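# Report on the structure
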2 protein chains.
Amino acid sequence: MYLNKQNAQNELSLLLPNFADKSFLLAISGGADSMVLANLFLALNLNFQIAHINYKLRGEESDLDEKIVFKFCLKNNVKFHLYKVSEIDKKPENSVQLWARNLRYEYFNKIKSEENLHFIVTAHHLNDELETFIINLSRASGLKGLSGIPKNENEILRPLLKFSKEEIYKFAKENNIEFREDTSNQKSDYLRNFIRNEITPQLLKTNESFLENFSKSLTYLNDSKDFISTEIENKRKNLSQKINSKIIFNKEKLDKESDFVKFELLKTYGFDDANEISKIFKSENSSLFYSKGHQLQIARNELIIEKINLEKEDFKEILLPEISQIYLKYFLLSDNFNNEIWKIDLEKIKLPLKIREVKRDDLLFPIGMIGKKKVSKVIKELKLSTFDEEKIKILSDSKDQVLGILPYRQDSRFVANENLKNFIEIIF
Amino acid sequence: MYLNKQNAQNELSLLLPNFADKSFLLAISGGADSMVLANLFLALNLNFQIAHINYKLRGEESDLDEKIVFKFCLKNNVKFHLYKVSEIDKKPENSVQLWARNLRYEYFNKIKSEENLHFIVTAHHLNDELETFIINLSRASGLKGLSGIPKNENEILRPLLKFSKEEIYKFAKENNIEFREDTSNQKSDYLRNFIRNEITPQLLKTNESFLENFSKSLTYLNDSKDFISTEIENKRKNLSQKINSKIIFNKEKLDKESDFVKFELLKTYGFDDANEISKIFKSENSSLFYSKGHQLQIARNELIIEKINLEKEDFKEILLPEISQIYLKYFLLSDNFNNEIWKIDLEKIKLPLKIREVKRDDLLFPIGMIGKKKVSKVIKELKLSTFDEEKIKILSDSKDQVLGILPYRQDSRFVANENLKNFIEIIF
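This one's a predicted model, so the numbers in the text were calculated from it and none came from an experiment. (Residues numbered from 1 in each chain as written. Chains lettered and ligands numbered in written order. Predicted model: local features only at pLDDT ≥ 70, side-chain atom pairs only at ≥ 80, totals over all residues. Heavy atoms only, no water.)

## So, the overall build of chain A
- The helix and strand tally for chain A stands at 13 helices and 21 strands.
- The C-alpha radius of gyration computed for chain A amounts to 28 Å, which surpasses the reference 22 Å derived for 428 residues by more than 25%, pointing to a less compact arrangement than a globule.
- The C-alpha extent of chain A, read off along each of the three principal axes, is 85 × 50 × 45 Å.
- Per-residue burial over chain A gives 50% buried out of 428 residues.
- Of the contacts made within chain A by residues no fewer than 6 positions apart, 69% connect residues no fewer than 24 positions apart.
- Summed over all atoms, the accessible surface of chain A reaches about 22100 Å², with 47% contributed by carbon and sulfur.
- Of the side chains in chain A, 67 bear a positive and 65 a negative charge, and the two mean positions are spaced by 3 Å. (Helix = DSSP H or I, 4+ residues; strand = E, 2+ residues; numbered from the N terminus. Rg over C-alpha atoms; globule rule 2.2 N^0.38 Å. Buried < 20%, exposed > 50% of the residue type's maximum accessible area, 1.4 Å probe, protein only. Contact = heavy atoms within 4.5 Å. Areas by Shrake-Rupley, 256 points an atom, 1.4 Å probe, with all protein chains shown as cover. Lys, Arg positive; Asp, Glu negative; His and termini not counted. Charge placed at Lys NZ, Arg CZ, Asp CG, Glu CD.)

Now the structure itself:
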């Protein structure tokens, strides 16, 4: 789309019909796109302030970026907020990009709230959309990842998404807007830069109107996404009811829906693997499934779903219902476990089972070994990353006997032998 | 996906559960992908024949392609069908690609029907999917264009769509399958070759599993597309009824649906422009809209839709209902007409109006000119392409007086003056 004041205003009013009454915090790097954004907000007489982050990633260059933004604010009497990254701020070597993004949004949100502003505004444009689209394509995304950057979400507005980088540069030139070339704080984002330099230029050659057509495609995909989510929510209303903190689906009715509908409905509760979902519908009456944040119990013709809290701070223990099959596939697990089953002898333990944190003097009798070992030692020997190690939980009975280290090691004392009929299955 | 006999068989059985009982015509060019396809069908002991087209586009090379296919058939006792393009066959210079495709499918369908075979099978693979995806992206496509080449449609099967070109070459090598490099009849397809050589290799660099992930995205998009089309058809059932050849929508109910739903429902009848559709709902009671194949009449709380036949062979005339606003935007028009209105004085003509072919001695009194002119001469002066010229129709009254050349010139005699109250509006 052709970028001028009128078109920018139209886009803004589509996002926010009453934009003239609102106040904004503009995230300005000093590059062409953000300086054009600032000038447009000025031309539209809007109520805005500006925030800039000096990441100190490119020495003197970074300071010159800061200066050009400061100069604009001074000249136009716009309130200027600056965050200067200090030596103390940790810059992790392998994920500067992620670090910078978190820093950015934390800072912007802080200023927005301190200054009582309504919206954060960023200068993302159509070329950014294309890069994001290709990144998501390379990562197996569904409609959600392929329908574009949100134009208006979480009080962040992106009014330039319909305009190409070319249009923005043209506007800057025509209006004598000062900006700094390559203020990118994304120097470290290898993938995005690769796409920008090696793929976008080639795509633009395939068709004179490539970006415009791409933008239309995105709009259409976005409409499709919205339609699907409306229809899925209608189905949720028809197929389930809320009782206190529980959501209860009619199993028979839900099973008549397509795999797609089941997936879309259940992924809300963390059940987002097509194979696992098909197990839910094939499993015995009174099985129990765990996702990372929810418990799903099958009882007669119902699926009863309830939230569970696994956050380190809040987690104490989960008492497991007295049910013969318990699916823990999603629970605290990496993807490496598949169809492993622990059979537990009900005559040797006391119900109910519980899932709890590791205790200091927990002991395990490992399978294939005589005698016992400290659980903390067994865990050390697993040689996990800190991340995976922190997710480990203990399965115990009500007398607090350790039945296993979830999901890695079962205790040999409580393994049910082949012919036993009185057992519980823990399924990964 | 890893290509071996088992995985190929699985893919085939997903497309066609009873594939072992069916018979197939394989379209074989002699290249790696199609020769792998032929060898897989052989290894799976399926009932198949082979068809090859020698386009004679690359001289001796084309003959060598033919030979390698013939040799395979001879050795393995497979029935071989050959179409040799002769000097007489027209090869249009600017659209060899389209010509070759039409020729191909016409010939394959002919053989399939003569030999009583069930399916045509082609060797399209995952890299072809990617090329098609990018082509459609460059052309403003919706979910339909971006959800992949149909795996099974119109009795054409494409069982290799999940496998990459790399997998196919690896399989050919491991199984000592003879093939010809670059048998492509797509030499002339500039865009596809550009994508293959300049864009695909760069995309593959973004992620080791790019193609696999891309394939998952396509599956997900395709599921989304299927969900939408199921839900839209449910809505069609709820919002409309069929009475004889007419489809009648409840206007009020339909108007409550989102723009997306209206668009999806009405595009089936050729009303596929969002702006035009919004006009339908804003227009006066008893307006009439024409798409390229349908008539839509607004009557009280109903939209009454009926098919009209505009094919040259069948077209005689359309009698227009006696309605004060008639929208012809879609009718026989290029996109250049927008919001043009012909006001016609009802006191000077005799209803009903009709749309008919040009007659030899039709005369027009052009606006801004004194006197009359032969319609055929006016048309010549418009300097249209043959294509556009053939679509021209005449608007006349029941006495066969020419009211205008649709959509280009109105006749001056019947123009309603500003203050007249008794008129019809023809709106483009």
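## Thoughts on the environment of L266(B)
Residue and element names in this part refer to chain B.
- Mapped onto the elements, L266 comes out in helix α10 (residues 259-267).
- Owing to a relative accessible area of 0%, L266 belongs among the buried residues under this scheme.
- Each C-alpha atom of the pair L266 and R236 lies 9.7 Å from the other, and the pair is 30 residues apart in sequence.
- Leave out the neighbours within four places in its chain, and L266 touches F271, I277, I280, F281, L296 and I305.

## Quick notes on empty space enclosed by the protein
- By the definition in use, this model includes 6 cavities of 30 Å³ or more.
- When its volume is computed, the largest cavity comes out at roughly 60 Å³.
- For the largest cavity, the full set of lining residues is I134(A), L137(A), I199(A), L203(A), F133(B), I134(B), L137(B), I199(B) and L203(B).
- Those elements that place two or more of their residues in the lining of the largest cavity are α5 (126-137) and α7 (190-206) of chain A together with α5 (126-137) and α7 (190-206) of chain B.
- A per-element tally of the lining of the largest cavity places α5(B) first, with 3 residues.
- Each residue belonging to the lining of the largest cavity can be placed in one class, and the counts come to 9 nonpolar, no polar and no charged. (1 Å grid on protein atoms, 1.4 Å probe; cavity = no way out; pocket = protein on both sides within 12 Å on 5 of 7 lines; lining within 4 Å. Points joined across faces, edges and corners; volume = space filled by probe spheres on them. Nonpolar A, V, L, I, M, F, W, Y, C, P; charged D, E, K, R; others polar.)

## Concerning the relation of the copies chain B and chain A
- Rotating chain B by 180° about the axis while translating it 0.0 Å along that axis superimposes it on chain A, leaving an RMSD of 0.1 Å. What we have between these two chains is a two-fold relation.
- Mapped onto chain A, 100% of the interface residues of chain B are again interface residues, and the two copies thus contact each other with one and the same surface. (Least-squares fit on C-alpha atoms with pLDDT ≥ 70 in both.)

## Side note on the sheet that holds strand β2 (residues 47-54) of chain B
Residue and element names in this part refer to chain B.
- Read from one edge of the open sheet, 6 strands run β3-β2-β1-β4-β6-β5, paired in mixed fashion. Unpaired on one side and paired on the other, β3 (80-84) and β5 (152-153) mark the two borders of the sheet.
- Across 5 bridges, the pairing between β2 and β3 is parallel. Each residue of the ladder has a partner; that of A51, found in β3, is H81.
- The sheet contacts of helix α2 (residues 32-43) involve β1 (23-27), β2 and β4 (119-121), and relative to β1 the element is tilted by about 160°. (Pairing = 2+ DSSP bridges. Axes fitted to C-alpha atoms, helices over the stretch in contact; angles between N-to-C directions.)

## A closer look at unusual backbone geometry
Residue and element names in this part refer to chain A.
- Here the amide bond leading from L406 into P407 is cis, since omega sits at -5°, within 30 degrees of zero.
- For P407, the position within the fold is in the loop between β19 (402-406) and β20 (409-410).
- Located in the positive-phi region is N116, a residue other than glycine, with phi close to 55°.
- In this fold, N116 is placed in the loop between α4 (96-114) and β4 (119-121).

## Description of the pairing of strand β21 (residues 423-427) of chain B
All names here are of chain B.
- Counting buried positions over the 5 residues of β21 gives 4, a clear majority of the element.
- For strand β13 (residues 325-327) and β21, the ladder comprises 3 bridges, and the chain directions are parallel. By the bridge assignment for β21, Q325 is matched with E425.

## Observations concerning the packing of α7(A) against α7(B)
- Interhelical geometry of α7(A) versus α7(B) gives an angle of 170° and a closest axis separation of 10 Å. Comparing their axes, α7(B) and α7(A) come out roughly antiparallel. Note on element contacts: α7(B) touches α7(A) through L191(B), F194(B), I195(B), E198(B), I199(B), Q202(B), L203(B), K205(B) and T206(B), opposite L191(A), F194(A), I195(A), E198(A), I199(A), Q202(A), L203(A), K205(A) and T206(A).
- Residues belonging to the contact of α7(A) with α7(B) are distributed by class as follows: 10 nonpolar, 4 polar and 4 charged. (Parallel < 35°, antiparallel > 145°, perpendicular 65-115°, else oblique.)

## With respect to helix α1 (residues 5-15) of chain A
Residues and elements named next belong to chain A.
- Within α1, burial applies to N7, A8, E11, L12 and L15. For α1, the angular spread of buried residues about the axis comes to 140°, placing them on one side.
- Looking at the buried side of α1, the elements it contacts are α2 (32-43), β5 (152-153) and β6 (156-157).
- Where α1 begins, one side-chain oxygen reaches toward the backbone nitrogen of Q6, 3.2 Å away; that side chain belongs to N4. (Arc of directions from axis to C-beta. Polar contact = N/O pair within 3.5 Å; in protein donor to acceptor, adjacent residues only side chain to side chain.)

## Concerning the interface of chain B and chain A
- Contact residues are listed per partner, giving 39 residues for chain B and 39 residues for chain A.
- A buried area of about 3300 Å², summed over both sides, lies between chain B and chain A, and 75% of it is on carbon and sulfur atoms.
- On the chain B side of the interface with chain A, the three residues burying the most area are L137(B), Y220(B) and F227(B), jointly 20% of the side's total.
- Across the chain B-chain A interface, the total number found is 2 salt bridges.
- Between E231(A) and K235(B) there is a salt bridge, and its shortest N-O distance comes to 3.3 Å.
- Summed over the shared surface of chain B and chain A, the result is 12 residue pairs in polar contact (both at pLDDT 80 or more). (Buried area = accessible area lost by both parts, 1.4 Å probe. Salt bridge = Lys/Arg side-chain N within 4 Å of Asp/Glu carboxyl O.)

## Some points on the pattern of salt bridges
- All told, the structure shown has 51 salt bridges over all chains when counted by the stated rule.
- The salt bridge involving D400(A) is made with R356(A); its shortest N-O contact spans 2.9 Å. With a gap of 44 residues between them, D400(A) in the loop between β18 (393-396) and β19 and R356(A) in strand β15 (residues 354-356) connect regions that are remote in the sequence.
- Look at D400(A) and you get partly exposed, because its relative accessible area is 26%.
- Here K112(B) and E155(B) are joined by a salt bridge, their closest N and O atoms 2.7 Å apart. Placement of the pair is K112(B) in helix α4 (residues 96-114) and E155(B) in the loop between β5 and β6 (156-157), with a sequence separation of 43 residues.
- Relative accessible area serves as the criterion here: at 10%, K112(B) is assigned to the buried category.

## Remarks on the domain arrangement of chain A
- Segmenting chain A into domains produces domain 1 (5-206) and domain 2 (239-427).
- Placing a centre on the C-alpha atoms of domain 1 of chain A and another on those of domain 2 of chain A gives a separation of 44 Å. (Domains from an automatic or database assignment.)

## Things to note about the packing of aromatic side chains
- One pass over the full model with this rule turns up 35 aromatic pairs over all chains.
- Both rings, one in Y83(A) and one in Y107(A), keep their centres 5.2 Å apart while their planes meet at 55°; by these two values the pair is tilted. With Y83(A) in strand β3 (residues 80-84) and Y107(A) in helix α4, this pair connects stretches of sequence that are 24 residues apart.
- Under the relative-accessibility criterion, Y107(A) is labelled buried at 7%.
- A ring pair is formed by Y105(B) and F108(B), whose centres lie 6.3 Å apart and whose planes are at 90°; its orientation type is edge-to-face. One end of the pair, Y105(B), and the other, F108(B), are both in helix α4, 3 residues apart, so they sit about a helical turn from each other.
- Given a relative accessible area of 18%, Y105(B) falls into the buried group.
- An aromatic cluster of at least three residues, connected via ring pairs, comprises F133(A), F210(A), F214(A), F133(B), F210(B) and F214(B).
- For K262(A), the ring lying beneath its charged end belongs to F281(A), and the centroid distance is 4.5 Å. (Phe/Tyr/Trp six-rings, centres within 6.5 Å; stacked < 30°, edge-to-face > 60°. Lys NZ or Arg CZ within 6 Å of the ring centre and 35° of its normal.)

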